[in-house]
Amino acid sequence: MNLVVVGAQWGDEGKGKLIDILSEKVDITVRYQGGNNAGHTVIVGEKEYIFHLIPSAILRTGKVCVIGNGVVIDPKALLEEIDGLKKRGLSINGERFKISANAHVVMPYHRVMDQLREGKRENKIGTTGRGIGPCYSDKVGRMGIRVIDLLNPKVLKSKLADNLNEKNDIFSKVYGVKNYDFGEIYKEYLNFGRRLKSYICDTSLYLHEAMKKQKKILFEGAQGTFLDIDFGTYPFVTSSNAISGGVCAGAGVSPGCVGQVVAALKAYTTRVGEGPFPTEFDKKMDDLIRSKGHEFGATTGRPRRCGWFDAVLSRYAVIVNGVTDLAIMKLDVLDDLDTVEIAVAYKFKGKIYKDYPHDLEVLSAAKPVYEKWPGWKTSTKGVRQYKKLPLEARRYIERIESLLGVRVKYISVGSKRDEIIIR
Ligand code: GDP
Ligand code: IMO
Ligand code: MG
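Residues numbered from 1 in each chain as written. Chains lettered and ligands numbered in written order. Predicted model: local features only at pLDDT ≥ 70, side-chain atom pairs only at ≥ 80, totals over all residues. Heavy atoms only, no water.

This part covers the nonpolar core. Core analysis: the largest hydrophobic core is formed by 71 residues, its most contacted members being Phe 219, Leu 331 and Tyr 396. Sorting elements by how many residues they give to this core places helix α10 (residues 311–321) first, with 7 residues. Not counting residues up to four positions away in its chain, the partners in contact with Tyr 396 are Ala 267, Phe 309, Leu 331, Leu 334, Val 340, Glu 341, Ile 342 and Trp 376. One finds Tyr 49, Leu 78, Met 107 and Leu 190 within the second-largest nonpolar core, a separate group that totals 44 residues. (Core = buried A, V, L, I, M, F, W, Y, C linked by side-chain atoms within 4.5 Å. Buried < 20%, exposed > 50% of the residue type's maximum accessible area, 1.4 Å probe, protein only. Helix = DSSP H or I, 4+ residues; strand = E, 2+ residues; numbered from the N terminus. Contact = heavy atoms within 4.5 Å.)

Relative to the elements of secondary structure, Asp 338 occurs in the loop between β15 (325–329) and β16 (339–348). Sequence separation between Asp 338 and Leu 265 is 73 residues; the distance between their C-alpha atoms is 21 Å. Sequence-distant contacts of Asp 338, defined by excluding residues within four places in its chain, comprise Trp 373, Pro 374, Gly 375 and Lys 377. At a separation of 2.4 Å, a polar atom in the side chain of Asp 338 contacts the side chain of Lys 377. (Polar contact = N/O pair within 3.5 Å; in protein donor to acceptor, adjacent residues only side chain to side chain.)

All right, on to the sheet that holds strand β10 (residues 217–220) then. An order of β9-β7-β5-β2-β10-β1-β11-β15-β19-β20 is seen for the 10 strands of this open sheet, with the pairing classed as mixed. Edge positions in the open sheet fall to β9 (200–201) and β20 (420–422), since each of these has one partner strand only. Sheet topology places strand β2 (residues 28–31) next to β10; 4 bridges connect them, and they run parallel. Following the sheet pairing, Val 30 is matched in β10 by Phe 219. Sitting on the sheet, helix α1 (residues 15–22) touches β1 (2–7), β2, β10, β11 (258–266), β15, β19 (408–412) and β20, and the angle it makes with β1 is about 165 degrees. (Pairing = 2+ DSSP bridges. Axes fitted to C-alpha atoms, helices over the stretch in contact; angles between N-to-C directions.)

The environment of ligand 2 is formed by 20 residues, the closest being Asp 12, Lys 15, His 40, Thr 128 and Thr 238. Between an oxygen atom of ligand 2 and a main-chain N or O atom of Gly 126, the distance comes to 3.4 Å. When ligand 2 sits alone it has 540 Å² of accessible area, and the protein chains cover 97% of it. Its residues assigned to classes, the shell around ligand 2 comprises 7 nonpolar, 10 polar and 3 charged. (Near = heavy atom within 4 Å. Areas by Shrake-Rupley, 256 points an atom, 1.4 Å probe, with all protein chains shown as cover. Nonpolar A, V, L, I, M, F, W, Y, C, P; charged D, E, K, R; others polar.)

Around ligand 1, the surrounding shell holds 19 residues, and the nearest of these are Lys 15, Gly 16, Thr 41, Asp 332 and Ser 412. Note that an oxygen atom of ligand 1 is positioned 3.0 Å from one of the side-chain N or O atoms of Asp 12. Within the complex, the protein chains bury 92% of what would otherwise be the 580 Å² of accessible surface of ligand 1. Sorting the residues of the shell around ligand 1 by element identifies α1 and β3 (40–44) as the ones contributing at least two each. Each residue belonging to the shell around ligand 1 can be placed in one class, and the counts come to 4 nonpolar, 8 polar and 7 charged. Structurally, the shell around ligand 1 is a two-domain feature, drawing no fewer than three residues from each of domain 1 (3–100 + 200–262) and domain 3 (264–422). (Domains from an automatic or database assignment.)

In structure tokens form, the structure reads like this:
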């Protein structure tokens, strides 16, 4: 059965670690959306790897990794990632690493536009500044440049000319910044094409053939449900469909291909960037959990905002993703607390909201209704069997389970590969 791993909060749930574990049992791992805004951390022994575009499964020899058509690829960032991994002794070649010819390419003007737009906005999103939004805008605006275009000088020339024609006007007339030189970008991107050529193919066809041969696939989500362009806390979201439904359009496979949907959830909640966050801690707790959980962005290094577990949000994530299994990550971060809290509803202007409200005003001003549970005050880091977890920790997990209506199958108690309980 093929499976997908999705983030069920605002990203950084620990998907990288979970995918590293689950990829052992599959043949192929596929990224289906997002770009190098993602940062997925995997710790193997004493070594730490942070992946931005390449699926975390590349660490496992004999496994194939694919970047699907739904991903936006910054070729410069991708080549740096490939080179970095090669330097660390990993083998990356066209046999085990494939890039969709149809994926869209992040151009230098996308990165700059991302930052300029943020600068002009009153309600800042706090983007990663990687050009993700502008690249996806060009894709749906039918101005985008695709990976395959980097291999065809004639097509690239005509598309780039059209783009610069428009972009240079916007850059100079709206933002008052200097124009882009056609020749420089053209040369640079043709060179990227040459360097990436051996990895480029029709990945949808490749996956189709692999499935005919009974190969098992893991689809790797980036970001999280509440950063999803349709279901997240819009406009404080990313520009792609991070939910499980993004798999079909982002990898070119049919809905029936995915049998298992694993949602990664932190035992608490974090968010990087701006936007509503109902269960956000006060400053003291925020600092405490940030330092215990090392909550700093894997891509931008920004401090992550921290808060209690929010069952209103995660219950909605279960619904829109069709979650079949839950993975509770970073349980160990709560080990020392006297009490732990779970938001079970929101209250706004006297009204109780049990379901996730899409109204930005409600979401921004709602006060969570909390349940308080006793802490376990014991280290869980060495625990490998569910029944060996302290009673209070099991009660906490089981309460989340009953609020979300889905079984918790994985419990992560540390950042290392073996610090996991599989029920
Ligand atoms: P992703 O974007 O969902 O892959 O998550 P990130 O890698 O951005 O952030 C998760 C962070 O938590 C990483 O630094 C992981 O090494 C770390 N981590 C993952 N699982 C655990 C866990 O169970 N306990 C602790 N303490 N850290 C964890
Ligand atoms: P992973 O895969 C956490 C956030 C940014 C910002 C918003 C929009 O590591 O979980 P963008 O650059 O995408 O236009 O920024 O989305 N964001 C993430 N937050 N984890 C991520 O990825 C994120 N990718 C984007 O901070 O608030
Ligand atoms: Mg991350």
